[in-house]
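Here is how the chains run, residue by residue.
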Amino acid sequence: MSSQELVNLNIGGMKFTTFPATLLRFPDSRFAGILNNSDREIRIINGQYFVDRDGTLFSYILNYMRTSQLYLPANFSDYEGLQREAEFYQLHSLADQLGQDSVHRPRMEILEVRFLLQEAHAFFRIFCTNSSTVEMLADRILMFVEQPMGGQSWSFPFSTQKPLAPVPLQRPSHHDLVFQCGTEFSTGEQFGARYVSIKPDQRKLINGTNVLGLLLDSLLKESFHLISTRSLSAEEKVECYTFERKKRPEVLTVYENPKQENEATVQVKPAKSNKKR
């Protein structure tokens, strides 16, 4: 068979076409026996190599043989089935890696926003199971406090003439952050005002409801899905918004050494979010 000829495969009723060189990328795999007709489980029917296996899972196997990288969609869950297919085709390094916990499989990420509104002052607490997401939000959420000007009083909290100084967010742990906005009062007298800005929006907002709306909108743009809202304390008006997001799909790269059947160097890299699978 010439290296330029195409190979037609029928895997469980699904048809695939590729080059012989693609199937022979891993010399120790079963495909060498398929191409030289020495594999008795494989039959040629109507000019096609028929393999009575799962065609959907084979699409991932074939793409892996084309690139040495395994691309899986975010909603993929049949890792055991894919491992069995890799074992059937004698792609040992791939099968071994699929069987290890080190493979970065998509996991559910849970995020909660707790919102407390007391008169003109609002408190926010964000908790997330993924500390990297908290770090991302900590970089995007900015809090500012008004500074007095000369001998002027604080009687004009909404004045845009007063300078604003950045203040740090509170980080009780790696998984949560706390910030606030609005005006504070002591015995009926106002003595401070805090603003919040959420990148890339450039506005500095003092109203807690407006900040909450912008925060929720930002989370939706980050592919989070709102799954529930509830009140934690009716007396204090603490509201809790719960989101979930599936971890972005990742790429499992397995480089197999033809001389040593079971040796492999594995690298796991995040897949680009706009890459089509």
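Residues numbered from 1 in each chain as written. Predicted model: local features only at pLDDT ≥ 70, side-chain atom pairs only at ≥ 80, totals over all residues. Heavy atoms only, no water.

- By the naming in an unreviewed UniProt entry, the protein chain is BTB domain-containing protein, taken from Hymenochirus boettgeri.

Considering the pairing of strand 7 (residues 121-128)
For step 1, the next point in the chain: Here strand 6 (residues 108-118) pairs with strand 7 via 8 bridges, running antiparallel. Across the sheet, Leu117 pairs through a bridge with Ala122, a residue of strand 7.
For step 2, the next point in the chain: Linking strand 6 back to strand 7 in an antiparallel pair, the connection comprises 2 residues, with Glu119 at a positive phi of about 55°. (Pairing = 2+ DSSP bridges. Helix = DSSP H or I, 4+ residues; strand = E, 2+ residues; numbered from the N terminus.)

Some points on the nonpolar core
For step 1, the next point in the chain: Counting 31 residues, the largest nonpolar core has Phe58, Ile61, Leu82 and Tyr89 as its most contacted members.
For step 2, the next point in the chain: Take this core: its biggest share by element is 7 residues, from helix 3 (residues 55-67).
For step 3, the next point in the chain: When residues no more than four places from it in sequence are discounted, the contact partners of Leu82 are Leu57, Tyr60, Ile61, Leu70, Leu72, Phe76 and Leu98.
For step 4, the next point in the chain: In this structure, Phe115, Ala122, Phe124 and Ile198 belong to the second largest nonpolar core, which totals 28 residues. (Core = buried A, V, L, I, M, F, W, Y, C linked by side-chain atoms within 4.5 Å. Buried < 20%, exposed > 50% of the residue type's maximum accessible area, 1.4 Å probe, protein only. Contact = heavy atoms within 4.5 Å.)

Quick notes on the sheet that holds strand 1 (residues 7-11)
Think of a sheet as strands paired side by side through backbone hydrogen bonds, with each pair either parallel or antiparallel.
For step 1, the next point in the chain: Strand order in this open sheet of 4 strands is 2-1-4-3, and the pairing throughout is mixed. The strands lining the two open edges of the sheet, one partner per strand, are strand 2 (14-18) and strand 3 (43-45). The sheet shows a mean angle of 35° between the axes of neighbouring strands, taken without regard to direction.
For step 2, the next point in the chain: Of the pairings in the sheet, the one linking strand 1 to strand 2 comprises 5 bridges and is antiparallel in character. (Axes fitted to C-alpha atoms, helices over the stretch in contact; angles between N-to-C directions.)

Topic: the pairing of strand 1
For step 1, the next point in the chain: In terms of burial, strand 1 is a largely internal element, 4 of the 5 residues being buried.
For step 2, the next point in the chain: What sits between the antiparallel neighbours strand 1 and strand 2 is a turn of 2 residues, in which Gly12 has the positive phi angle 60°.
For step 3, the next point in the chain: Looking at chain direction, strand 1 and strand 4 (residues 48-51) are connected through 3 bridges and run parallel. From the neighbouring strand, Ile11 faces strand 4, where its bridge partner is Val51.

A few points about helix 7 (residues 208-221)
For step 1, the next point in the chain: The first and last C-alpha atoms of helix 7 sit 20 Å apart over 14 residues, in line with the 20 Å expected at 1.5 Å per residue.
For step 2, the next point in the chain: Along helix 7, the residues that are buried comprise Gly208, Val211, Leu212, Leu214, Leu215, Leu216, Ser218 and Leu219.
For step 3, the next point in the chain: Regarding helix 7, its N-cap is Asn207, as a side-chain oxygen of that residue lies 2.9 Å from the backbone nitrogen of Thr209 further along. (Expected span 1.5 Å × (residues − 1). Polar contact = N/O pair within 3.5 Å; in protein donor to acceptor, adjacent residues only side chain to side chain.)

Considering the environment of Asn8
For step 1, the next point in the chain: One can find Asn8 in strand 1.
For step 2, the next point in the chain: Residues Asn8 and Phe50 lie 42 residues apart in sequence; the distance between their C-alpha atoms is 8.9 Å.
For step 3, the next point in the chain: Other than its neighbours up to four places away in sequence, Asn8 contacts Phe16, Thr17, Gly47, Gln48 and Tyr49.

Notes on the pattern of salt bridges
For step 1, the next point in the chain: Scanning the entire structure with this criterion turns up 12 salt bridges.
For step 2, the next point in the chain: Its salt-bridge partner being Arg125, residue Asp176 comes within 2.8 Å of it at the nearest N-O pair. Taken together, the positions of Asp176 in strand 11 (residues 176-186) and Arg125 in strand 7 put the pair 51 residues apart, joining distant regions of the chain.
For step 3, the next point in the chain: You can call Asp176 buried: its relative accessible area is 6%.
For step 4, the next point in the chain: The closest approach of N and O atoms between Arg245 and Glu222, which form a salt bridge, is 3.9 Å. With a gap of 23 residues between them, Arg245 in strand 14 (residues 238-246) and Glu222 in the loop between helix 7 and strand 13 (225-233) connect regions that are remote in the sequence.
For step 5, the next point in the chain: Here the salt bridges do not stand alone but share partners, grouping Glu109, Arg140, Glu222 and Arg245 into one network. (Salt bridge = Lys/Arg side-chain N within 4 Å of Asp/Glu carboxyl O.)

Topic: the packing of aromatic side chains
For step 1, the next point in the chain: The tally for this structure, following the rule as stated, stands at 9 aromatic pairs.
For step 2, the next point in the chain: Ring geometry for Phe31 against Phe58: centres 6.3 Å apart, planes inclined by 50°, an arrangement best described as tilted. A residue pair is termed long-range when its members are at least 10 positions apart, and Phe31 in helix 2 (residues 31-35) and Phe58 in helix 3 qualify at 27 residues. By the burial criterion, Phe31 is buried, and Phe58 matches it.
For step 3, the next point in the chain: Grouped by ring-pair contacts, the aromatic residues Phe16, Phe31, Phe58, Phe88 and Tyr89 constitute a single cluster. (Phe/Tyr/Trp six-rings, centres within 6.5 Å; stacked < 30°, edge-to-face > 60°.)

Details of the side chain of Ser218
For step 1, the next point in the chain: Looking at the element boundaries, Ser218 is found in helix 7.
For step 2, the next point in the chain: For Ser218, a relative accessible area of 10% puts it in the buried group.
For step 3, the next point in the chain: Setting aside chain neighbours within four positions, we find Ser218 in contact with Arg140 and Ile198.

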